[in-house]
Amino acid sequence: MNTGTPMNTFAWLVKREYWENRGGFLWTPAIVATVFLSIMVLALVWAEFMARKNGVDINGIQLEQLTRHLGPEEMAKMQAGMDIGLLTLGVPIGIALFFVVFFYGIGALYNDRADRSALFWKSLPISDTGTVLSKVAAAIVLAPVLATFALIALQLGFLILMSLYALLHGINPFPLLWSPTHLVAMWVKLFLMLPVNALWALPTIGWLLLCSSFARSKPFLWAVMLPIFAGVLNSWIGLMNHLSLSNTWFWRHIVGRLLTSIFPGSWLDAEQLREGFQEAGGMHVGVNGISPTLTFEAIGNALATPDMLIGIVAGAAMIAGAIYFRRQRTESYA
Amino acid sequence: MNMDMPQVSSTTPIISARGLSKRYGATVALDNVNLQILPGRIVGLIGPNGAGKTTALRAILGLSEFDGELSVLGLDPRTHRTELMEQVCFIADVAVLPRWLRVADAVDFVAGVHPRFSREKCEKFLARTKIKHTQRVRELSKGMIVQLHLALVMAIDAKLLVLDEPTLGLDILYRKEFYESLLNDYFDHEKTILVTTHQIEEIERILTDLMFIKDGRIILDASMEAVGDRYAEVMVAPDKADAARALKPLSERQIFGKSVFLFDGADQAHLSTLGELHKPSVADLFVATMKGTYA
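Residues numbered from 1 in each chain as written. Chains lettered and ligands numbered in written order. Predicted model: local features only at pLDDT ≥ 70, side-chain atom pairs only at ≥ 80, totals over all residues.

Caption draft 1: Region of the structure containing the overall build of chain A. What chain A contains, in helices and strands, is 15 helices and zero strands. For chain A, contacts bridging at least 24 residues in sequence account for 85% of all contacts bridging at least 6. (Helix = DSSP H or I, 4+ residues; strand = E, 2+ residues; numbered from the N terminus. Contact = placed C-beta atoms within 7 Å.)

Caption draft 2: How the structure looks around the overall build of chain B. Regarding its fold elements, chain B presents eleven helices and 13 strands. Against the 2.2 N^0.38 benchmark of 19 Å for 295 residues, chain B shows a C-alpha radius of gyration of 21 Å, consistent with a compact globule. Overall, chain B is about 70 × 45 × 40 Å in size when its C-alpha atoms are taken along their principal axes. Considering chain B as a whole, with its 295 residues, one finds that 44% of them fall into the buried category. Within chain B, residue pairs in contact and separated by at least 24 positions form 70% of the contacts whose partners lie at least 6 positions apart. (Rg over C-alpha atoms; globule rule 2.2 N^0.38 Å. Buried ≥ 20, exposed ≤ 12 C-beta atoms within 10 Å, placed from the backbone.)

Caption draft 3: Main features of the domain arrangement of chain B. Residue and element names in this part refer to chain B. Domain assignment breaks chain B into domain 1 (15–215) and domain 2 (226–289). Once you take the C-alpha centre of each, domain 1 and domain 2 turn out to be 34 Å apart. Listed by partner, the interface residues are six residues for domain 1 and six residues for domain 2. Elements with a contribution of two residues or more to the side of domain 1 that touches domain 2: helix H7 (200–203) and strand S8 (209–214). Of the residues that constitute the side of domain 1 that touches domain 2, the class distribution is four nonpolar, no polar and two charged. (Domains from an automatic or database assignment. Nonpolar A, V, L, I, M, F, W, Y, C, P; charged D, E, K, R; others polar.)

Caption draft 4: Highlighting the confidence of the model for chain A. Residue and element names in this part refer to chain A. Of the residues in chain A, 84% reach a pLDDT of 70 or more, and the chain-wide mean stands at 84. When mean pLDDT is taken per element in chain A, helix H4 (residues 90–108) scores highest with 96 and helix H13 (residues 270–280) scores lowest with 55. In the predicted structure, residues 281–292 sits below a pLDDT of 50 and forms 22 contacts with residues beyond four places in sequence or in another chain. (pLDDT = per-residue confidence, 0-100.)

Caption draft 5: A look at the interface of chain B and chain A. Across the contact, 20 residues belong to chain B and 21 residues belong to chain A. Secondary-structure elements contributing two or more residues to the side of chain B that touches chain A are strand S5 (88–92) and helix H3 (103–113) of chain B. A class-by-class count of the residues in the side of chain B that touches chain A yields 13 nonpolar, three polar and four charged.

So this is what it looks like as structure tokens:
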């Protein structure tokens, strides 16, 4: 038995977070995926029903001939569009993950003080550092990994649904929908994004945990109102203008990073994204750039930006602060 | 087992404090407290609300900052909390187990993180209760939560057990069972128990040592035998009451038309000439000593 070794203890701590937050980490993305698929089934059934009722006949043969006569270029374009479609399915899951992790972070070091169970956890040989880091890991590793599996399940469900619909109309779904290299490459990217997402999320999760650990009551207000108030105050007195930085800069790089960096893929540059979408319609798809907006290169480059590096340092500092207050505060005084 | 842990012999104190102080703003919670607790003792730390009991326990457990010197099992609780918690257990108040926790998971978790936890022992204690492994804490009654907590804690082979109002709000059956389990299945000459409670009557027979704390100071620190030697209660008929009063009793109360006087350090042979001599109960002693606390 290796009871009590730091790694073993850490594994149990993360497991504890999972037990407590199974509803948010596992069931929320699963339910969002299920609801989404159900809506899609209903929409397809309705579309089919309306089409029959109005005597519209979707001519499958022609559609299939269309795909058969596509050149390699057009085919690649279609598949790039397909990738974007499949990635878009990540939006509802991403939104769900954002809210789950946001409220998890606010409560993680506060709720057990409010209900006094912190006294039980602190009666065990667990360091405060281990406790806080296990909560960081739960927020930026465990929850996103589970959400990613939910997304993949949703994508598979979507593909199966579309294939059935295609088959119903006599179209062979395989060449367009089920390209194994495409799907595997996209899933590899989804998993490659996880560490980048996790590092990018550090300032937000650090800030939330710091508030959760520090606040004697109402950690939500601390976490949300303080940055927003600072932003408003700054816009008002225009402090940043003196540093030749705009107010937008403050909102985006301070307020935004403190509150929204846990959104998966929020490190992707919006401008680049738009260009990427446009290029998807052009020639730039390339052999490797399977999803044009999300190249392996873009994932790697994101790690070396000053935004990323400064965020990591700030996040680590706030996590250290959360550990400090975790040690000081045993109960809340709400 | 932690090899760096200092060896504790029967004469090295488990807890030793010198000049222990703690203030919250203008309030003095602990005022220069000196104390020593030896292994194999069951010490009751008794005091009125706000006297500093919980503050003292929090300091001993490394849960709050303090001034002065404090050594628990040879370690400074401020800097070695995690190591200390391998040898120290505590039940702080009733019902602090997280409500979402499942019983089976609680056992697994403690077994996973605590090197001195015995799963067999814990299962044995749980088997005596009506607690089911599939239940969550929120489904248990307050008494059952304490049974679960006690089963977890008694399965840990710790040197020091700290109990802060462990039976508050429980009915008498659970309270009796709680202390009986502790005595029969847990306590031995190598273990030390430090307990605070307001239900003095129930623990008085199990204590080996008594400490009274008032306004952040320890005002009584003695073994139960010493307390018995030092304090005496005499039931005096009205005709001898003035003679008794002349000996400066700590307190006087009336029962069945007679006066009961509590004396500190008076000559017991002389007292017995005034009336019937008793050992005072800790509760009576407490009331006499704490007179005027809330006035």
